Amino acid sequence: MSNIVIRTAASADLDAITEIYADAVTNGTSSYELKPPGRAEMGARFDALAAGRFPYLVAEKNGTVLGYAYAGAFRPRPAYRFIVEDSVYVAPEAKGQGVGRKLMQSLVAAVEAAGFRQIIAVIGDGHPDSASVKLHEKLGFRHSGRLEGSGYKHGRWLDTVFMQLSLNGGASLPPDPDSLPERRFRESSEGNEELRN
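Described in the following lines is the structure provided in the data block. (Residues numbered from 1 in each chain as written. Predicted model: local features only at pLDDT ≥ 70, side-chain atom pairs only at ≥ 80, totals over all residues. Heavy atoms only, no water.)

## Let's talk about the overall build of the protein
Item 1. Helix and strand counts for the protein stand at 5 helices and 7 strands.
Item 2. Element order for the protein, N to C, with α for helix and β for strand: β-α-α-β-β-β-α-β-α-β-β-α.
Item 3. By the compact-globule yardstick of 16 Å for 197 residues, the protein fits well, its C-alpha radius of gyration being 17 Å.
Item 4. By principal-axis analysis of the C-alpha atoms, the protein measures approximately 50 × 40 × 35 Å.
Item 5. Taking all 197 residues of the protein together, 43% fall into the buried category. (Helix = DSSP H or I, 4+ residues; strand = E, 2+ residues; numbered from the N terminus. Rg over C-alpha atoms; globule rule 2.2 N^0.38 Å. Buried < 20%, exposed > 50% of the residue type's maximum accessible area, 1.4 Å probe, protein only.)

## Details of the environment of serine 130
Item 1. By the element assignment, serine 130 lies in the loop between strand E5 (118-124) and helix H4 (131-138).
Item 2. For serine 130, a relative accessible area of 9% gives the class buried.
Item 3. Put simply, serine 130 and serine 30 are 100 residues apart on the chain and 9.3 Å apart in space, counted from C-alpha to C-alpha.
Item 4. Other than its neighbours up to four places away in sequence, serine 130 contacts Ile123 and Asp125.
Item 5. For serine 130, the side chain forms a polar contact with the main-chain nitrogen of serine 132, separated by 3.2 Å. (Contact = heavy atoms within 4.5 Å. Polar contact = N/O pair within 3.5 Å; in protein donor to acceptor, adjacent residues only side chain to side chain.)

## Overview of the pairing of strand E3 (residues 64-73)
Item 1. Counting buried positions along E3 yields 7 of 10 residues, so the element is predominantly enclosed.
Item 2. Relative to E3, strand E2 (residues 56-61) is paired through 6 bridges, and the arrangement is antiparallel. Within E3, the residue paired with lysine 61 across the bridge is threonine 64.
Item 3. From the end of E2 to the start of E3, which pair antiparallel, there are 2 residues, and asparagine 62 there has a positive phi angle of about 50°.
Item 4. Strand direction decides the pairing type here: E3 and strand E4 (residues 83-90), joined by 7 bridges, are antiparallel. (Pairing = 2+ DSSP bridges.)

## Thoughts on the nonpolar core
Nonpolar side chains in soluble globular proteins generally cluster together in the buried interior.
Item 1. Core analysis: the biggest nonpolar cluster contains 47 residues, and Ile17, Tyr68, Val99, Met104, Val111, Ile119 and Phe141 have the highest contact counts within it.
Item 2. Among the elements that take part in this core, helix H3 (residues 99-114) stands out by supplying 7 residues, more than any other.
Item 3. In this view, isoleucine 17 contacts Ala9, Met42, Tyr56, Val58 and Tyr68; residues no more than four positions away in its chain are not counted. (Core = buried A, V, L, I, M, F, W, Y, C linked by side-chain atoms within 4.5 Å.)

## A few points about the pairing of E2
Item 1. Here E2 lies mainly inside the structure; 5 of its 6 residues are buried.
Item 2. Relative to E2, strand E1 (residues 5-8) is paired through 4 bridges, and the arrangement is antiparallel. Each residue of the ladder has a partner; that of arginine 7, found in E2, is valine 58.

## Some words on the packing of H3 against H4
Item 1. Two elements in contact, H3 and H4, have axes whose closest approach is 10 Å; the angle formed by their N-to-C orientations is 45°. By the criterion of interaxial angle, the relationship of H3 to H4 is oblique. Pair H3 / H4 crosses with right-handed handedness. Every residue of H4 that contacts H3 at Gly100, Arg101 and Met104 is listed here: Leu135, His136 and Lys138.
Item 2. Grouping the constituent residues of the contact of H3 with H4 by class yields 2 nonpolar, 2 polar and 2 charged. (Axes fitted to C-alpha atoms, helices over the stretch in contact; angles between N-to-C directions. Parallel < 35°, antiparallel > 145°, perpendicular 65-115°, else oblique. Left-handed = near helix turned anticlockwise from the far one by under 90°. Nonpolar A, V, L, I, M, F, W, Y, C, P; charged D, E, K, R; others polar.)

## Things to note about unusual backbone geometry
Item 1. For asparagine 62, which is not a glycine, the phi torsion comes out positive at approximately 50°.
Item 2. Its identity is not glycine, yet aspartate 125 carries a phi of approximately 55°, on the positive side.
Item 3. Relative to the helices and strands, aspartate 125 resides in the loop between E5 and H4.

This is the structure we're talking about:
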């Protein structure tokens, strides 16, 4: 698996991304969606993340997309602007080969470079043996909460686990005015000010 390339996702990857996510929704418990979204919906989600300048990555080998990962807003309120939520999905045939780890390592680096302070993992069916829980633990995420019986899928109740990784000094330092979240906040504040005038 050493010739896996991690790169920024492009709209040309959306067919593969849609297929990978459809498998996760249909056969897995990491997503609480019950019906896989189509290509148009996945494209709208991709465009929204791109418009927010959030990192969205794919793992590719020999021209085939093996998985994808992205970070997006944790919550829409502006005080949450320094926190992102991560998502990572790997094609069934590529699981257990280190694809998720490579994607997440690159995603963490991109989130850190953008100046965010926390990455939150919201892990569906987050039991201790979950591949996602173990992956996040290996990357230094700490457990920060559990919602018991918060989802019902495939005939059973599922717990949701929250994990968290602090970056760029976390909550110990004031915000960096040059960070992406602060620049976006200023841009949106200036836009709102123009609308008021």
